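Here is how the chains run, residue by residue.
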Amino acid sequence: MSGSSPQRRAQTEAPVRLPAAMAMGAGRPVRLVLESSLLVEPPSGVDGGGGEEAAAVALRPGADTLLRRLRYSNLDVAICHPVDIPANESGFLEKIASLYSFGCMPLSATNGNCSPNELMIEWSRTSSCFYATSRADKGLFSELQSQNWRVLSVDNEHSMKDPRVLNVGRLQELLFTFATLIKREIGGSSVLVIGYVMKQSREEDFAKRGAFPIYPSKDGLSFVPLSYELPLTPQLQQVDMLLHKVTDEIVKIDPKYSTDFPKGISFSSGMSEIIRFVEEHSDFCILDPFKNIYPLLDRVHIQQILVRLQELGSEGKPKVRAPRALKVDNFHDGGLQKQLAETNLSFPIIVKPQVACGVADAHNMALVFQIEEFSNINVPLPAILQEYVDHGSKIFKFYAIGDKVFHAVRNSMPNATFLKSSSGGEPLTFNSLKTLPVATKEQLLQTKVQDTKSLDISLVEEAAKYR
């Protein structure tokens, strides 16, 4: 081998794995390189080289959240590190990069100093490049800037005075800063930044389906999470729209106020601040407006909306019919059977809590086949008794955005005859989110033969526009 230095050999022999570039509508790819100091905790000990174990390597607090969100961001992301870091740290970074489908590479070393490697120099010719680090390295920064890289110094107690270096106070600010930077410096007015807030499991589900790209979509939409760990007002002032799941943020709900929501609802402190901001800024764009959500927290209110929809439809065409329903405060009322008869409610009956979401037992339900079974159910009160309508073991879930209506078909509960045969003379209790008794393959096949009804999309579209 030639007389190249060990550092130089390490640089050229280290594997470099990089995802394919994603081009923005303007045609110029965007690349983000995360330097290892941004992700890895400073070592708590030093390997003395005399048989002692190397210091354990771990991610900094918040780094896992950053990496998870970048994974589905549609950005080209790579992790880089100085060439002379310990082997266990470089191995750790390789594993992390592989886990999140990022690239991983060492920086070059010139006279003991870090410098951009050849790939980074090549990228600068064809891409908009960003370098994020918590390490202060004026020489490296200068070289990167000479190659048209934008440098972001994150959580660095020795903040750079260089006006070309963007100082970011905390790691939690990086994604938000980066999204607004893309809009300002690359996308301009053609990009809308949409801030969102929801529970982690829901966010991950959307992200895995490609719904939350930070890299602007072909329609110019860039999505960025809002952080409750940071002041919310500056975040809300910089996004063009808010997408939320306000019901994820309900801490407590008092059912006695159900007809007067949001009175009686306690939200998390972060969501409460967002609601105040929206109330104080009438021109702020939000999807969905909170006032449109509150009626859907109460199944009595939902029933009233469905009843009004019965006005739709013309003679000779299908119509919307609300299921017959009755609100009860007590399952042991001696007059319950008379109330059912007056409401024209016949068995089987599905029993649901009046509060539709936001509390732990909002989805605890029961299917009752005879009056005596009401003494053996544990559904929160007040409750809604609703006729169980056979629906061919499937439901159609509709979503309306403006005048556009979308729908998805989901497997659902079997027809009543199947359920009664398996109930063993007892009410069928379940949680509609976790233990919904969906139809078996055999039941689906039998139902498919019997169910020849087609879906009237035009009627649903008319209902979606109804006020």
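Rules behind the numbers
- Residues numbered from 1 in each chain as written.
- Predicted model: local features only at pLDDT ≥ 70, side-chain atom pairs only at ≥ 80, totals over all residues.
- Heavy atoms only, no water.
- Helix = DSSP H or I, 4+ residues; strand = E, 2+ residues; numbered from the N terminus.
- Contact = heavy atoms within 4.5 Å.
- Areas by Shrake-Rupley, 256 points an atom, 1.4 Å probe, with all protein chains shown as cover.
- Expected span 1.5 Å × (residues − 1).
- Buried < 20%, exposed > 50% of the residue type's maximum accessible area, 1.4 Å probe, protein only.
- Arc of directions from axis to C-beta.
- Pairing = 2+ DSSP bridges.
- Phe/Tyr/Trp six-rings, centres within 6.5 Å; stacked < 30°, edge-to-face > 60°.
- 1 Å grid on protein atoms, 1.4 Å probe; cavity = no way out; pocket = protein on both sides within 12 Å on 5 of 7 lines; lining within 4 Å.
- Points joined across faces, edges and corners; volume = space filled by probe spheres on them.
- Nonpolar A, V, L, I, M, F, W, Y, C, P; charged D, E, K, R; others polar.
- Axes fitted to C-alpha atoms, helices over the stretch in contact; angles between N-to-C directions.
- Core = buried A, V, L, I, M, F, W, Y, C linked by side-chain atoms within 4.5 Å.
- Polar contact = N/O pair within 3.5 Å; in protein donor to acceptor, adjacent residues only side chain to side chain.

Novice: Break down the overall build of the protein for me, with residues and values.
Specialist: A tally of regular secondary structure across the protein gives 15 helices and 21 strands. Of all intrachain contacts in the protein linking residues separated by at least 6 positions in sequence, the fraction that spans at least 24 positions is 64%. Of the roughly 25,100 Å² of accessible surface on the protein, a fraction of 50% belongs to carbon and sulfur atoms.

Novice: For helix α9 (residues 269-280), give the residues involved together with the corresponding values.
Specialist: End to end, α9 covers 17 Å across 12 residues, agreeing with the expected 16 Å (1.5 Å per residue, within 8%). What α9 keeps buried is the set G270, M271, I274, I275, F277 and V278. Looking down the long axis of α9, one finds its buried residues gathered within 160 degrees of arc, a one-sided arrangement. Facing away from the buried side of α9 by more than 90 degrees, the exposed set consists of S269, E279 and E280. Looking at the buried side of α9, the elements it contacts are β9 (192-197), α8 (232-238), β11 (241-244), β13 (265-267), β14 (286-287) and α10 (290-293).

Novice: For the sheet that holds strand β10 (residues 221-225), give the residues involved together with the corresponding values.
Specialist: The 4 strands are arranged β10-β9-β11-β14 in an open sheet whose pairing can be described as parallel. For this open sheet the edge positions go to β10 and β14, each flanked by a neighbour on one side alone. Relative to β11, β9 is paired through 4 bridges, and the arrangement is parallel. Residue pairing in the sheet places Y196 in a bridge with L243 of β11.

Novice: How would you explain the environment of N156 if you had to name every residue and give the values?
Specialist: Note that N156 resides in the loop between β7 (149-154) and β8 (165-168). Look at N156 and you get buried, because its relative accessible area is 12%. Apart from residues no more than four positions distant in its own chain, N156 is found in contact with S134, R135 and A136.

Novice: So what about the packing of aromatic side chains? Which residues, and what values?
Specialist: Evaluated as defined, the whole model comprises 9 aromatic pairs. Between Y100 and F102, the ring centres sit 6.0 Å apart and the planes meet at 25 degrees, which makes this aromatic pair stacked. Assessed through its relative accessible area of 4%, F102 is described here as buried. A ring pair is formed by W123 and W149, whose centres lie 6.5 Å apart and whose planes are at 40 degrees; its orientation type is tilted. Placement of the pair is W123 in helix α4 (residues 118-126) and W149 in strand β7, with a sequence separation of 26 residues. Here W123 falls in the buried class, since its relative accessible area comes to 6%.

Novice: Quick one: what's the story with the layout of surface pockets, residue by residue and with numbers?
Specialist: In this structure, the second largest pocket occupies an estimated 420 Å³ of space. Lining the second largest pocket are 24 residues; nearest its centre among them are T65, R69, L226, S227 and E229. Sorting the residues of the lining of the second largest pocket by element identifies α2 (63-71), α6 (174-187), β9, α7 (200-208) and β10 as the ones contributing at least two each. Tallying contributions element by element places α2 first for the lining of the second largest pocket, with 4 residues. When grouped by side-chain class, the residues that make up the lining of the second largest pocket number 13 nonpolar, 5 polar and 6 charged.

Novice: Provide a residue-level description of the sheet that holds strand β3 (residues 103-106), including the pertinent values.
Specialist: The 6 strands lie next to each other as β3-β2-β1-β6-β7-β8, forming an open sheet whose pairing is parallel. Two strands lie at the open edges of the sheet, namely β3 and β8, each paired on one side alone. Shown here is a sheet whose adjacent strand axes are inclined to one another by a mean of 25 degrees, direction ignored. Taken together, the 4 bridges between strand β2 (residues 76-81) and β3 define a ladder with parallel strand orientation. Residue I79 lies in a different strand from β3, and its bridge partner there is C104. Contacts from helix α3 (residues 87-99) reach β2 and β3 within the one sheet, and its direction differs from that of β2 by about 175 degrees. Against the sheet, α6 contacts β1 (30-35), β6 (128-133), β7 and β8, and its axis sits at roughly 155 degrees relative to β7.

Novice: So what about the environment of L59? Which residues, and what values?
Specialist: Inspection of the secondary structure assignment puts L59 in the loop between β1 and α2. Note on L59: relative accessible area 23%, which makes it partly exposed. Each C-alpha atom of the pair L59 and I96 lies 9.4 Å from the other, and the pair is 37 residues apart in sequence. In this view, L59 contacts L39, E41, D64, L67, F92 and I96; residues no more than four positions away in its chain are not counted.

Novice: Describe the nonpolar core, naming the residues involved and giving the relevant values.
Specialist: Nonpolar side chains in soluble globular proteins generally cluster together in the buried interior. Counting residues in hydrophobic clusters, the biggest one holds 63 residues, and the most contacted among them are L34, L39, L70, L75, I274 and F290. It is α6 that provides the largest number of residues to this core, a total of 7 residues. If we skip the residues at most four places from it in the chain, L70 touches L32, L34, L75, V77, F102, L175 and I214.

Novice: A description of helix α11 (residues 299-308) should follow, citing residues and the corresponding values.
Specialist: Regarding α11, the residues found buried are R299, V300 and Q303. Relative to the axis of α11, the buried residues are bounded by an arc of 105 degrees and lie together on one face. Of the residues flanking the start of α11, the one acting as N-cap is D298, its side-chain oxygen 3.1 Å from the backbone nitrogen of V300.

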